[in-house]
Amino acid sequence: MSRIGKKPVELPSGVTASVSGQTIEIKGPKDTQSFTASDDVTIAVEDNTVKVTPRGTSKRARQQWGMSRTVIGNMVTGVTMGFKKELEINGVGYRAQMQGNVLKLALGLSHDVNFEVPNGVTVTAPKPTVIIIEGTDAQLVGQVAANIREWRKPEPYKGKGIKYKDEYIFRKEGKKK
């Protein structure tokens, strides 16, 4: 039994869900999102809750059960509150700034990095060392943050690079003379 899959997804006030076949569409104050589940699960909307049940006892059906419920829960959270990731830039001369729909990153490379911001996500740089990524799709917000971080991961000696705000960088001791 999936502990996550068993829990129904509560729909807060102002959020509506409609199911047609294997596709569920959730409308909220911020956005409208849809998700097409696999044929291994059944989705039902009953009095302000969404229930996901597996069709059968196969391993794949049980995997899709918990995953589908989590995706639907993230969609409800996204259309009500949204998701937010914060990145910090550490290093001398490392900085970021927004120019239109392009994030310009100076990361100690021989050139500036121009990162195109995809649709559905808003990226802001309130300070030259802070990047804030916001959106209604949890997967897209996390992927954009990971793609930006990929340009210069934090290194263990001085901690230079792009890291998540709450990330801990394990530090190593350098050479001794």
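Residues numbered from 1 in each chain as written. Predicted model: local features only at pLDDT ≥ 70, side-chain atom pairs only at ≥ 80, totals over all residues. Heavy atoms only, no water.

**Q** Explain the overall build of the protein chain to me, please; I cannot follow it from the model alone.
**A** Counting its secondary structure elements, the protein chain contains three helices and 13 strands. Scaling as 2.2 N^0.38, a compact globule of 177 residues should have a C-alpha radius of gyration of about 16 Å, whereas the protein chain reaches 21 Å, well beyond that. Principal axes of the C-alpha set define a box for the protein chain whose edges measure 65 × 40 × 25 Å. Looking at the protein chain residue by residue over its 177 residues, the buried ones come to 35%. Across the protein chain, every contact between residues at least 6 apart in sequence was considered, and the portion connecting residues at least 24 apart equals 50%. Of the accessible surface of the protein chain, which amounts to about 10800 Å², a share of 49% is contributed by carbon and sulfur atoms. (Helix = DSSP H or I, 4+ residues; strand = E, 2+ residues; numbered from the N terminus. Rg over C-alpha atoms; globule rule 2.2 N^0.38 Å. Buried < 20%, exposed > 50% of the residue type's maximum accessible area, 1.4 Å probe, protein only. Contact = heavy atoms within 4.5 Å. Areas by Shrake-Rupley, 256 points an atom, 1.4 Å probe, with all protein chains shown as cover.)

**Q** Before we go on, may I ask you to explain the packing of aromatic side chains in this structure?
**A** What characterises a pair of aromatic rings is the spacing of the ring centres plus the angle enclosed by the ring planes. This model, assessed by the stated rule, comprises zero aromatic pairs. A cation over a ring is seen here: Lys 85 above Tyr 164, with NZ or CZ 5.4 Å from the ring centre. (Phe/Tyr/Trp six-rings, centres within 6.5 Å; stacked < 30°, edge-to-face > 60°. Lys NZ or Arg CZ within 6 Å of the ring centre and 35° of its normal.)

**Q** Any chance you could explain the side chain of Lys 163 here in plain terms?
**A** For Lys 163, the location among the structural elements is in strand 13 (residues 161–164). At 3.4 Å, the side chain of Lys 163 and the backbone oxygen of Glu 167 are in polar contact. The residues touching Lys 163, leaving out its near neighbours within four places in the chain, are Glu 86, Leu 87, Glu 88, Asn 90, Arg 149, Pro 154 and Ile 169. (Polar contact = N/O pair within 3.5 Å; in protein donor to acceptor, adjacent residues only side chain to side chain.)

**Q** What is the right way to read helix 2 (residues 59–80) from this model?
**A** Residues lying three or four places apart along an α-helix face the same way, a consequence of the helix completing one turn every 3.6 residues. Along its 22 residues, helix 2 runs 32 Å from first to last C-alpha, staying within 8% of the 32 Å computed at 1.5 Å per residue. Listed as buried for helix 2 are Ala 61, Gln 64, Trp 65, Gly 66, Ser 68, Arg 69, Ile 72, Gly 73, Met 75, Val 76, Gly 78 and Val 79. Looking one or two residues past helix 2, Gly 82 carries a phi angle of roughly 90°, positive in sign. (Expected span 1.5 Å × (residues − 1).)

**Q** Can you help me understand the environment of Asp 112 in this one?
**A** With respect to the element layout, Asp 112 can be found in the loop between strand 9 (102–106) and strand 10 (113–116). According to the relative accessible area criterion, Asp 112 is partly exposed, its value standing at 46%. Sequence separation between Asp 112 and Arg 95 is 17 residues; the distance between their C-alpha atoms is 10.0 Å.

**Q** Whenever I open this one, the sheet that holds strand 8 (residues 95–99) confuses me. Can you help?
**A** Sheet strands pair by backbone hydrogen bonding; their relative direction is either parallel or antiparallel. What the three strands build is an open sheet, ordered 8-9-10; its pairing is antiparallel. The two strands at the open ends of the sheet, each matched to only one other strand, are strand 8 and strand 10. This sheet shows a mean twist of 25° between the axes of neighbouring strands, independent of strand direction. As paired strands, strand 9 and strand 10 are joined by four bridges and run antiparallel to one another. If you follow Val 102 over to strand 10, its bridge partner there is Glu 116. (Pairing = 2+ DSSP bridges. Axes fitted to C-alpha atoms, helices over the stretch in contact; angles between N-to-C directions.)

**Q** Can you help me understand helix 3 (residues 138–150) in this one?
**A** Taking 1.5 Å of rise per residue, 13 residues should cover 18 Å, and helix 3 covers 18 Å from first to last C-alpha, within 8% of that figure. Tucked inside the fold, the buried residues of helix 3 contact strand 7 (83–90), strand 9, strand 10, strand 11 (121–127), strand 12 (130–135) and strand 13. The backbone nitrogen of Gln 139 lies 3.3 Å from a side-chain oxygen of the residue at the head of helix 3, namely Asp 137.

**Q** Got a minute to help me understand the pattern of salt bridges in this structure?
**A** Where charged atoms of side chains with opposite charge meet at close range, the side chains can pair. Following the criterion strictly, the structure yields nine salt bridges and no others. Ionic pairing is found between Lys 51 and Glu 46, a salt bridge with its closest N-O pair at 3.5 Å. A relative accessible area of 38% means that Lys 51 is categorised as partly exposed. When its relative accessible area of 36% is taken as the criterion, Glu 46 is described as partly exposed. Two residues, Lys 84 and Glu 86, come together in a salt bridge whose shortest N-O distance is 3.7 Å. Given a relative accessible area of 24%, Glu 86 falls into the partly exposed group. (Salt bridge = Lys/Arg side-chain N within 4 Å of Asp/Glu carboxyl O.)

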